[in-house]
Amino acid sequence: MSGKAKEAVPVLRSEMNFRKNVAAVIVNDKGLILVGKRTDVPNAWQIPQGGVDCNENEQDAVLREVFEETGIESEFLKIIKRTSVIRYLFPPEIRKGMKFDGQEQIYFLIKIVGPGWSLERSDEFSDFEWLDQNEVVKRAVEFKKNSYIEAFRQLFGVKDGI
């Protein structure tokens, strides 16, 4: 045996618990993405997202979440594409006391179609803006940034960074 010390390897729990989740990358005719200002986290902006209910498929879940969080009805939404599953971990301070270690999300690229839709504030969002991909990532909470970058890569073909 050599006298060289072995490098410590971080140990991860073998059974991590991820919440099944969907997220909506809603784009307008200018290619800008809809984000909402969180009501519960100061200066945090994010795309509409939420959990998938029991016996609900991901497509139904994302349309339901969009309506609940933005007021946009499904008749004005066209699903274009979806990502593979993208996971992120909650930071330790958020994970404490929660049932989940993080979320596994499927992101849907959704276009707004037709006139007559409107945005409505919700329990989740106090305001809305249409932003480019860079600004969406910039305004996201730190632990979601990499998942947004990966989702944009899969949905828009963005290769290196944003």
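Our structure's up above, just so we're on the same page.
Residues numbered from 1 in each chain as written. Predicted model: local features only at pLDDT ≥ 70, side-chain atom pairs only at ≥ 80, totals over all residues. Heavy atoms only, no water.

**Points about the packing of aromatic side chains**
So, point 1. On inspection of all chains with the given rule, the structure shows 8 aromatic pairs.
So, point 2. Where Tyr107 meets Tyr148, the ring centres are 6.2 Å apart and the plane angle is 90°; that geometry is what we call edge-to-face. One end of the pair, Tyr107, is in strand 7 (residues 102-112); the other, Tyr148, is in helix 4 (residues 145-156), with 41 residues separating them in the sequence.
So, point 3. For the ring pair Tyr148 and Phe152, a centre distance of 6.2 Å and an interplane angle of 40° mean the geometry is tilted. Residue Tyr148 and its partner Phe152 are located together in helix 4, separated by 4 residues, close to a single helical turn.
So, point 4. Look at Tyr148 and you get buried, because its relative accessible area is 1%.
So, point 5. Through a chain of ring-to-ring contacts, three or more aromatic side chains come together here, namely Tyr107, Tyr148, Phe152 and Phe156.
So, point 6. The ring of Phe18 has Arg87 lying over it, and the distance from NZ or CZ to the ring centre is 4.2 Å.
So, point 7. In this structure, Arg139 is placed above the aromatic ring of Trp45, and the distance from its NZ or CZ to the ring centre is 5.0 Å. (Phe/Tyr/Trp six-rings, centres within 6.5 Å; stacked < 30°, edge-to-face > 60°. Helix = DSSP H or I, 4+ residues; strand = E, 2+ residues; numbered from the N terminus. Buried < 20%, exposed > 50% of the residue type's maximum accessible area, 1.4 Å probe, protein only. Lys NZ or Arg CZ within 6 Å of the ring centre and 35° of its normal.)

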